[in-house]
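Given next are the chains, with one letter for each unit.
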Amino acid sequence: MQYGLIGEHLPHSFSKIIHEKIASYNYDLHELMTHEVDSFMRKAAFRGINVTIPYKQTVIPYLDEISDQAAKIGAVNTIVNRDGKLCGYNTDYFGMRDLLIRNGTDPAGKKVLILGTGGTSKTAYAVVSDLGAAEIHKVSRTGKEGALTYEEACTKHTDAEIIINTTPCGMYPNIDDSPVDLDCFPRLCGLVDAIYNPLRTVLVLEAQKRGIPAQGGLYMLVVQAVYAAELFTGKTIDDAVTEEVYMEILNSKRNIVLTGMSLAGKTTLGTLLSQKLDRRLEDTDDMIVNREQRPITDIFSSEGEPYFRDLETAMVRELAPQNGIIISTGGGAILREENVDALKKNGCVIFLDRPLEQILPADDRPLANTKEKVTALMEKRYPIYRSTCDDFIPNNISPEDGAAKILAVLQRA
C-alpha cells in the first residue's frame, strides 16, 4: 500500500473516493485489529497514510517526528514516510477549524461542550481554544479524566453555546441514536458533528429544527484530506479543489427526495432525473403496491389509512439510509415527523409546488379522488410540505425546466 487509511472498521469510509478525486495516487482502506497495529507500523510499508478510530493515539510511539501541533493535540491522523522516517501530523485540526467557519460558528468568547474524549475531541479542543473560546468542557459517559458526565452537562451547563460531537453516537448503522438532548441547552447557537455518515445525524437535524446552524462532518473530512494530500505529494492544492470535491461527494452521496401532492409531477421529474444522473429511482407507493400485491385503493378499503401509513413508514426507513438514489414519496409521507427525519439524514428534500388548479383527482388515490378532496388535502398539507422541505420549486413548468431547477438546488450546499 502506497497511500491509504488505517482504522478498525472502514467499510463505509468515504476517504478513498475523496483522495482519488483530490490527487492522482491510489488510496486503499486497510482495516487493522489492535494486535496488528504494531507489525504494520514497524514494517512501515507505505508512503503516506491517514489514521482513524481508534488508532490516532496508538500510532504516536512509532513516529520519528511529530509536528508541534499534533504533539500539542496528542493525536495523529496523517503519517508520511520520508525515506524510512515516519513523520506525524494532525490535519483534522484544519478540517474542524474550517467546518466551524463554514457553519458560521465562532467560538470566541463562548462556552463550548465537546462530546467525547478520543483523538478527535482533542483536536476540537485545540481548535476552539485557539479560536478564543471562553470556556471548554469535554463530556463523556464516565466523566473520567476531568470530563463532565452527560447528566452534569445537562443540569449544570445549560448555558452552553456551542456543541461539538466527536463521539460515534449516531453514526451508521446506528443512525437513530443521539448523544444528548438539545432541549437542555436553550442558549445553543452553533453545532457541528464530526460524523459524516449519515450526512445529517439526529443531533444535526434536531439543531436545524430549532433554527441553530448545524452541519455534519463531510466538509471536515474533505478539508483534512486536502491537507493530508499536500503532505503526501509536497504540492499545494488550490482552495477551489476543496469546494469542488466537497460538492461532488455531497451530491453523489445524498439522496434527492421529492415530496408533494399526488400528481404533482414527482414520478415525471424523478424519472427524468434518474435518466440524467444515472441514479436509481424508488417510489414509496410503488414499493407498497409491490409488497402487498394489491392496489392502494384496496389497502385503504380493507385495512384503512393507519395500516397504509405504517407500510409507508417501513418503506421510508428502508430507503433513507441508502446513498445517491432518487426517492419519490407518497403525498402523505410528510405527515409523520419520523419519515421526514429519516429522509433528511441522507437526503435533500425538495417540495414540488404545483398549483392547485393543475392537480387533478385520481381514482387510484382514495384521499384525492374528487376535486373537493384534493382542495381539502392541499389546504391541510401545504404548510407541512413547506416547513419540512430543504427547498422547493414551482412545478408549473416543463419537466426539463423542473429538473434544471432541482439540479441548481443541489449546487447549494
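To be clear, the structure that these remarks concern was listed above.
A quick note: this is a predicted structure, and the numbers were derived from the prediction, not measured. Every chain is numbered on its own, with residues counted from 1 as its sequence reads. In keeping with the predicted nature of the model, local features appear solely for residues at pLDDT of at least 70, side-chain atom pairs appear and are counted solely at 80 or more, and the whole-chain, interface and lining totals rest on all residues. Note that the side-chain values use all heavy atoms of the structure and ignore hydrogens as well as water.

**Overview of the overall build of the protein**
So the rule is basically this: A run of DSSP states H or I qualifies as a helix once it reaches four residues; a run of E qualifies as a strand once it reaches two. Both are numbered from the N-terminal end. The globule rule used here is 2.2 Å times the number of residues to the 0.38 power, and the radius of gyration it is set against is calculated over C-alpha atoms. To sort residues, take the accessible area from a 1.4 Å probe on protein chains only and compare it with the maximum for the residue type: under 20% means buried, over 50% means exposed, and anything in between is partly exposed.
Per the secondary structure count, the protein includes 16 helices and 17 strands. Its C-alpha radius of gyration of 24 Å places the protein within 12% of the 22 Å reference for a compact globule of 413 residues. Its C-alpha atoms give the protein principal-axis dimensions of about 75 × 50 × 35 Å. Scored against the burial criterion, the 413 residues of the protein give a buried share of 54%.

**Quick word on the packing of aromatic side chains**
Defined as follows: Pairing of aromatic side chains here covers Phe, Tyr and the six-membered ring of Trp, requires ring centres within 6.5 Å, and sorts the geometry by plane angle: under 30 degrees stacked, over 60 edge-to-face, intermediate tilted. As a reminder, the over-ring test applies to NZ of lysine and CZ of arginine, requiring each to be within 6 Å of the ring centre and within 35 degrees of the ring normal.
Per the stated rule, a full pass over the model turns up eleven aromatic pairs. Aromatic side chains Tyr 3 and Phe 232 sit 5.2 Å apart centroid to centroid with 40° between the ring planes, which places their arrangement in the tilted category. Here Tyr 3, found in strand 1 (residues 3-7), pairs with Phe 232, found in helix 8 (residues 218-233); they are 229 residues apart in sequence, far enough to count as distant. Note on Tyr 3: relative accessible area 5%, which makes it buried. Measuring from ring centre to ring centre gives 4.9 Å for Phe 351 and Tyr 385, while their planes differ by 10°; the resulting arrangement is stacked. With Phe 351 in strand 16 (residues 347-353) and Tyr 385 in helix 15 (residues 371-388), this residue pair connects regions lying 34 residues apart in the sequence. Both residues of the pair, Phe 351 and Tyr 385, belong to the buried class. Feature note: the residues Tyr 3, Tyr 25 and Phe 232 constitute an aromatic cluster, connected by ring pairs. If you follow Arg 102 out to its NZ or CZ, it ends over the ring of Tyr 219, 4.3 Å from the centre. Lying across the ring of Phe 392, Arg 386 places its NZ or CZ 3.8 Å from the centre.

**With respect to the environment of Ala 160**
The line we're drawing: Any two residues whose heavy atoms approach within 4.5 Å at even a single point are treated as in contact.
Structurally, Ala 160 can be placed in the loop between helix 6 (150-156) and strand 10 (162-165). Along the sequence, Ala 160 and Arg 187 sit 27 residues apart, while their C-alpha atoms lie 6.4 Å from each other. Once you skip the residues sitting within four places of it in the chain, Ala 160 turns out to touch Lys 111, Leu 113, Phe 185, Arg 187 and Leu 188.

**Overview of helix 13 (residues 305-319)**
Note the following rule: Here the expected span of a helix is defined as 1.5 Å times the quantity of residues minus one.
A rise of 1.5 Å per residue sets the reference length of helix 13, with its 15 residues, at 21 Å; its end C-alpha atoms lie 21 Å apart and thus fit the reference within 8%. Taken together, the buried positions of helix 13 are Phe 308, Arg 309, Leu 311, Glu 312, Thr 313, Met 315, Val 316 and Leu 319.

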